[in-house]
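# Chains, contacts and geometry: an overview
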Amino acid sequence: MRLAVFIATLALLATVMTFHEAPVAQPQVAPTDIGGVVSSVNGAEAGVWVIAETNDLPTKFAKIVVTDDRGRYLIPQLPKARYAIWARGYGLVDSHKVQATPGTALNLQALVAPSAAAAAEYYPAIYWYSMLRAPLPAEFPGTGPDGNGINPALKSQDQWLDIAKTNGCYGCHALGNKAMRAIPKELGDFKSSEDAWQRRIQSGQALTQMATALGRMGDKRALKMFADWTDRIAAGELPASKPTRPQGVERNVVLTMWDWAGPKDYLHDVVSTDKRDPRVNPHGLLFGATEESTDLFPVLDPVSHKASQVKMLVRDPATPSSKNAPMLPSPFWGEERIWDSQTSMHNPMLDEKGRVWFTSRVRPPANPDFCKKGSDHPSAKLFPVESANRHLSMYDPKSGRITLISTCFPTHHLVFAEDANHTLWTSAGGPGSGVIGWLNRKMFEETGDEVKSQGWTALILDTNGNGKRDDYVEPNQPVDPTKDTRVVAAFYGVGVNPNDGTVWGSVLGFPGYVIRLNPGMNPPETALTEVYEPPLPGYGPRGMDIDRNGVVWTPLSSGHMASFDRKKCKGPLNGPNATGKHCPEGWTLYPFPGPKMANDAGTGSAEASYYTWVDQFDTFGLGKNVPIATGNANESLLALVNSQWVNLHVPYPLGFYTKWMDGRIDDPNAGWKGKGLWATVSTRAPFHMEGGKGTTSKVIHFQLRPDPLAR
């Protein structure tokens, strides 16, 4: 009996020793790599990030990869430098940073989070923001400051959520990150958290926008709600759900990151190539748009790792500046006015020659006479325009020359058509402008005549159903069955259908629309518009794009990605009933990943995605025509592949928030190393990110290798 027990004990010990001593096969490390195994007291850690960061290059540089199912990692193609290496993952706290150089085999000891609260510090913003308790559906319509505090203009919970998510505060920065889910002590002492929130939204030069957004919800209830949210978090309440670690192809992602711009500057967009041909500008410079923060737009050379800035110009010194926006002192910057921009560069786009076109302010808003009533300009004769708050500019990197173009129509986003004139179509942004404008780039370059080369049109619905544009009634006039109808709307996102040249866009508001413009032979006179309203539970489109099949993709503030396929429409697409609700069958809604907001009666998540970009040419590696949304609450890019989400999370620095992206093919023969997506950190408050004051915007290159150890 004793012998049998002794033998059994030896067998057990042998098994335990074998388990503990069996080494994980190390990845092969080349001279430009750093690799090894990440493990903790629980064993190998799969699906965690390994970060390598250095200050040895001309600008701060980092590279991030994900461990495989055995905890192995390989950071490939590192420039020669000294790196700090550490591991980060859900369920962990950051490991100790270890110094290493390329060519090093380096195992990392991961640290298991000592508490649920410590682990939650690494959760994306959506998990914290979903704790916000939305008013219940039964509380609508609002009854105002003397009632339930909700704006009486809001008739449903959906309208309130539209503001609380995509089409409100989240349009500029994330609300669930560390900086926003706590009241900074630097703000001062207050009698209540409601008073603290009232003062908080008055900080800095975005005072007007923040106060307006709060008022749209109803100040009294909104302040109470946000105060309750931060009070509960301060008392120790944690998110009800937890994020999952990267799975499947998400573990194949390689992120490369560079600092650019200044610590007071915020970016709106980055551009790397021509949207119509992603092979343009291979390995070339990247360019950013800094909107209201500064007139210096950043430039990055990803080969030499050098960041620089170029000053955008204005035509008229009297052009207004964001420096004069009303403000109260900020807990980060005090009384300093950190924004000073006359140009308000919003969106850049490269042409086939590698030149950068911006929507950019070049003069004060009041339009010149050729835009107004009495002008003989073809567009002005049909629909005069009195003002435009943003125009066009172009920067040629080869010559350094800047060209300014004064437009009668306001501009916001821009896109080149695939036509002989290289027509540059622009959106107007806010829903009230009522026009869409364009520049005949071929004519402008041949003549230099900005007046003759530009045009615009009102947005006219073919409500009499005869297939052509006729006299129309104004939006506030009764419908006339013999006439068409003008709509007060404006393109926000803008894209051109490559199959037929029609121009598509999104229209902000509730429930919002996607909008189609058929220019016809003479757009000022012949352009006709169609509008399509998303069906509930969807509402609130933001920035959209279109695929090579003509399908429109847009994020919705309801927490969905939506596609709209006009080919699926069954009824008439014009006539008296074609005013928005006439094609619900054209829509498909895909709930975004992540938790719902507390009390939300809808089907979408708490995600507040700003824009969707379609990878028409497979510049990333997930296939052609893959729609990719900015995961502004998930701190990621969100790719929809065969109706399934691929979450391209950026784990460092915490607080990733972008507003757009594009994809470039640097070398079609180099496999995954020759292509990738480009995005920038676009929060208006880069000092809200991990690192705090002094943290700058980043350029991030997303690449997808075939497996987590490929080099």
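Residues numbered from 1 in each chain as written. Predicted model: local features only at pLDDT ≥ 70, side-chain atom pairs only at ≥ 80, totals over all residues. Heavy atoms only, no water.

Right, let's talk about the overall build of the chain for a bit. In terms of regular secondary structure, the chain is built from 10 helices and 42 strands. Based on the C-alpha atoms only, the size of the chain along its principal axes is roughly 105 × 60 × 55 Å. The buried share of the chain, reckoned over its 711 residues, is 61%. Total accessible area on the chain is roughly 27,200 Å²; 54% of this is exposed by carbon and sulfur atoms. (Helix = DSSP H or I, 4+ residues; strand = E, 2+ residues; numbered from the N terminus. Buried < 20%, exposed > 50% of the residue type's maximum accessible area, 1.4 Å probe, protein only. Areas by Shrake-Rupley, 256 points an atom, 1.4 Å probe, with all protein chains shown as cover.)

It is worth spelling out helix α6 (residues 207-217) at this point. Inspection of α6 places Leu 207, Ala 213, Leu 214 and Met 217 among the buried residues, and these make up the whole buried set. Buried residues in α6, looked at end-on, bunch into an arc of 140°, giving them a common side. Against the buried residues of α6 lie α4 (157-164) and α7 (219-234). Positive backbone phi, at 110°, marks Gly 218, one or two positions downstream of α6. (Arc of directions from axis to C-beta. Contact = heavy atoms within 4.5 Å.)

Bringing the pairing of strand β15 (residues 296-301) into the picture now. Both faces of the sheet carry side chains from a regular strand, because those side chains alternate between them. Inspection of the sheet shows strand β14 (residues 286-289) paired to β15 by 2 bridges, in the antiparallel sense. Following the sheet pairing, Leu 286 is matched in β15 by Leu 300. Remark: 6 residues form the turn of the hairpin made by β14 and β15, two consecutive strands paired antiparallel; Glu 291 in that turn has positive phi of roughly 45°. With 6 bridges joining them, β15 and strand β16 (residues 306-311) adopt antiparallel strand pairing. The residue of β16 that forms the bridge with Phe 297 is Val 310. Here β15 folds back onto β16, and the loop between the two strands holds 4 residues, one of which, His 305, carries a positive phi near 65°. (Pairing = 2+ DSSP bridges.)

Another point: the side chain of Asp 662. Within the element layout of this structure, Asp 662 appears in strand β40 (residues 662-665). It is Arg 664 that comes nearest to the buried, bridge-free Asp 662 among opposite-charge side chains, at 7.2 Å. In this structure the side chain of Asp 662 is engaged in a polar contact, spanning 2.9 Å, whose partner is the side chain of Ser 272. The contact partners of Asp 662, leaving out residues within four places of it in the chain, are Val 271, Ser 272, Thr 273, Trp 613, Gly 676, Leu 677 and Trp 678. (Lys, Arg positive; Asp, Glu negative; His and termini not counted. Salt bridge = Lys/Arg side-chain N within 4 Å of Asp/Glu carboxyl O. Polar contact = N/O pair within 3.5 Å; in protein donor to acceptor, adjacent residues only side chain to side chain.)

Turning our attention to the layout of surface pockets. Of the pockets and cavities examined, the second largest pocket occupies roughly 590 Å³. Along the walls of the second largest pocket sit 32 residues, with Asn 421, Thr 423, Trp 438, Asn 440 and Pro 523 positioned nearest its centre. In terms of residue class, the lining of the second largest pocket is built from 12 nonpolar, 15 polar and 5 charged. (1 Å grid on protein atoms, 1.4 Å probe; cavity = no way out; pocket = protein on both sides within 12 Å on 5 of 7 lines; lining within 4 Å. Points joined across faces, edges and corners; volume = space filled by probe spheres on them. Nonpolar A, V, L, I, M, F, W, Y, C, P; charged D, E, K, R; others polar.)

On the basis of which strands lie adjacent, the open sheet formed by 8 strands has the order β8-β6-β3-β4-β12-β42-β41-β40 and antiparallel pairing. Two strands bound the open sheet, and with one partner strand each, they are β8 (98-100) and β40. If you compare each strand with its neighbour and ignore which way they point, the axes differ by 25° on average. Pairing geometry for β40 and strand β41 (residues 675-680), over 4 bridges, is antiparallel. (Axes fitted to C-alpha atoms, helices over the stretch in contact; angles between N-to-C directions.)

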